[in-house]
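# Secondary and tertiary structure notes
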Amino acid sequence: MATSLEELSQRVSAAFADRAKLKDADTVAAVRETLARLDAGELRVAEKGPEGWRVNAWVKEAILLFFAVSEMQVMEVGPFEFHDKVPLKKGLDAAGVRVVPPGTVRYGAFVERGAVVMPGYVNIGARVGAGTMVDTWATVGSCAQVGRHVHLSGGVGLGGVLEPPSASPVIIEDGAFLGSRSIVVEGVVVEEEAVLGANVVLTASTQIIDVTGPQEVVHKGRVPARSVVIPGMREKQFPAGKYMVPCALIIGQRKASTDQKTSLNAALRDFAVAV
């Protein structure tokens, strides 16, 4: 077994560049050990440092190689039968994680103590922080990084970003609230304690427009901390004429009086937004 992260990363990256190396038992062991450490929370796909978020591309490479070295298997859980290469996560009781049937956490994801997964889905490589609620039919896509005390309301969709390995995953920072059926994909970052209203859709190209001042300020790929965001539309000229295209509007900031645990509805009502 490999004993250092440097050795693991070297073996994984070499095999990702040359799949023939997967014939070597030590290389396969390095891939499996990387996934085991990812599952245990000892490794993560992306980390926040002084200069912002940094992607550990070799960990994503290990996930892709894990698919290559794993075999299809039948898994039976009570009356349910699954047929896949990746097993379900185990040890939820000891980990202090609540998963409500038929909620699913896949092996290779890490969920911190005190998080709750309703009948939603947490995919491989994802990380969910302590005190976070993954509500009914919410999806945490592959490699998405969800902070602590986040609320993902019913039907929220966080896109998976597994390829290319260097691409940044979707990141939801601590204390954020995402309203029902909101969607965040393509590596968008929702910063600390931001609030997304129901049905907000954010892609890498979505214009996130701060309309709180005398002139608009446009962001892309990032929702500033503590922003309150609702769906919007803006006019755009096409060869066939002018049409309305989706955008997102920053209509204010969470007030200092709004406790971090206040509900999404209450935060939006501070700005007279119907919910």
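Everything quoted here is computed from the prediction, not taken from an experiment.

## Observations regarding the overall build of the protein
When helices and strands are counted, the protein shows five helices and 26 strands. A globule of 275 residues ought to have a C-alpha radius of gyration of about 19 Å, and the protein, at 20 Å, matches this closely. The dimensions of the protein, computed from C-alpha atoms along their principal axes, are 65 × 45 × 40 Å. Buried positions account for 48% of the 275 residues belonging to the protein. The long-range fraction of contacts in the protein, counting pairs at least 24 apart against all pairs at least 6 apart in sequence, stands at 39%. If you sum the accessible surface of the protein, you get close to 13,300 Å²; carbon and sulfur atoms cover 53% of it.

## What about the sheet that holds strand S9 (residues 121-122)?
Two strands in a sheet stick together by hydrogen bonds in their backbones, pointing the same way (parallel) or opposite ways (antiparallel). Pairing in this open sheet of six strands is parallel, and the strands run S6-S9-S12-S15-S18-S21 from one edge to the other. Each of the sheet's edge strands pairs with one partner strand only, and the pair in question is strand S6 (104-105) and strand S21 (201-202). The pairing of strand S12 (residues 139-140) with strand S15 (residues 157-158) spans two bridges and is classified as parallel. If you follow Thr139 over to S15, its bridge partner there is Gly157.

## Considerations on the sheet that holds strand S16 (residues 171-172)
As summarised here, the arrangement of the six strands in space is S7-S10-S13-S16-S19-S24, forming an open sheet in which the pairing is parallel. A strand with exactly one partner marks an edge of an open sheet, and here the two such strands are strand S7 (110-111) and strand S24 (222-223). Judged from the two bridges that link them, strand S19 (residues 189-190) and S24 form a sheet pairing that is parallel. Along S24, the bridge assignment pairs Val190 with Val223.

## A word on helix H3 (residues 57-69)
The first and last C-alpha atoms of H3 sit 19 Å apart over 13 residues, in line with the 18 Å expected at 1.5 Å per residue. Of all 13 residues that make up H3, ten are buried, and the element is covered over most of its length. Buried residues along H3 sit against helix H1 (5-17), helix H2 (25-39) and strand S2 (52-55).

## Some thoughts on the UniProt feature "domain: Tetrahydrodipicolinate-N-succinyltransferase chain A" (unreviewed entry) in the protein
Following the UniProt record, one finds the feature "domain: Tetrahydrodipicolinate-N-succinyltransferase chain A" (unreviewed entry) at residues 8-68. Between the C-alpha atoms that bound residues 8-68 there is a distance of 17 Å. The span itself is 61% helix and 13% strand.

## Things to note about the pairing of strand S4 (residues 80-84)
A regular strand carries its side chains on alternate faces of the sheet. As judged from the five bridges shared by strand S3 (residues 73-77) and S4, these two strands associate in the antiparallel manner. Residue pairing in the sheet places Glu76 in a bridge with Glu81 of S4. Hairpin geometry of S3 and S4 is characterised by an intervening segment of two residues between the two adjacent antiparallel strands and by a positive phi of about 60 degrees at Gly78.

## Points about the side chain of Glu61
Turning to its location among the elements, Glu61 is positioned in helix H3. For Glu61, which is buried and forms no salt bridge, the nearest opposite charge comes from Arg19, at a distance of 9.0 Å. A polar atom in the side chain of Glu61 sits 2.9 Å from the side chain of Ser13. Contact partners of Glu61, with chain neighbours within four places excluded, come to Val12, Ser13, Phe16 and Pro165.

## A closer look at the side chain of Ser142
Within the secondary structure, Ser142 is located in the loop between S12 and strand S13 (145-146). For Ser142, a relative accessible area of 10% corresponds to the buried category. Leave out the neighbours within four places in its chain, and Ser142 touches Asn123, Ile124, Gly159, Gly160, Val161 and Leu162.

## Side note on the pattern of salt bridges
Oppositely charged side chains are able to pair whenever their charged atoms sit close together. Counting across every chain of the model gives 13 salt bridges. Its salt-bridge partner being Arg54, residue Glu47 comes within 3.1 Å of it at the nearest N-O pair. Here Glu47 falls in the partly exposed class, since its relative accessible area comes to 32%. Here Arg54 falls in the partly exposed class, since its relative accessible area comes to 48%. Here Glu216 ties to Arg234 by a salt bridge, and the two come within 3.1 Å at their closest N and O atoms. Here the residue Glu216 occupies a position in the loop between strand S22 (208-210) and strand S23 (217-219), and Arg234 occupies one in strand S25 (residues 227-238), the gap between them amounting to 18 residues.

## Focus on the packing of aromatic side chains
One pass over the full model with this rule turns up two aromatic pairs. When the ring of Phe66 is compared with that of Tyr107, the centres are 5.9 Å apart and the planes differ by 40 degrees; the resulting orientation is tilted. Of this pair, Phe66 sits in helix H3 while Tyr107 sits in the loop between S6 and S7; the two residues are 41 residues apart in sequence, bridging distant segments of the chain. Exposure remark for Tyr107: the relative accessible area of 19% places this residue in the buried category.

Calculation notes
- Residues numbered from 1 in each chain as written.
- Predicted model: local features only at pLDDT ≥ 70, side-chain atom pairs only at ≥ 80, totals over all residues.
- Heavy atoms only, no water.
- Helix = DSSP H or I, 4+ residues; strand = E, 2+ residues; numbered from the N terminus.
- Rg over C-alpha atoms; globule rule 2.2 N^0.38 Å.
- Buried < 20%, exposed > 50% of the residue type's maximum accessible area, 1.4 Å probe, protein only.
- Contact = heavy atoms within 4.5 Å.
- Areas by Shrake-Rupley, 256 points an atom, 1.4 Å probe, with all protein chains shown as cover.
- Pairing = 2+ DSSP bridges.
- Expected span 1.5 Å × (residues − 1).
- UniProt positions renumbered as here; feature names shortened; annotations may be inferred.
- Lys, Arg positive; Asp, Glu negative; His and termini not counted.
- Salt bridge = Lys/Arg side-chain N within 4 Å of Asp/Glu carboxyl O.
- Polar contact = N/O pair within 3.5 Å; in protein donor to acceptor, adjacent residues only side chain to side chain.
- Phe/Tyr/Trp six-rings, centres within 6.5 Å; stacked < 30°, edge-to-face > 60°.

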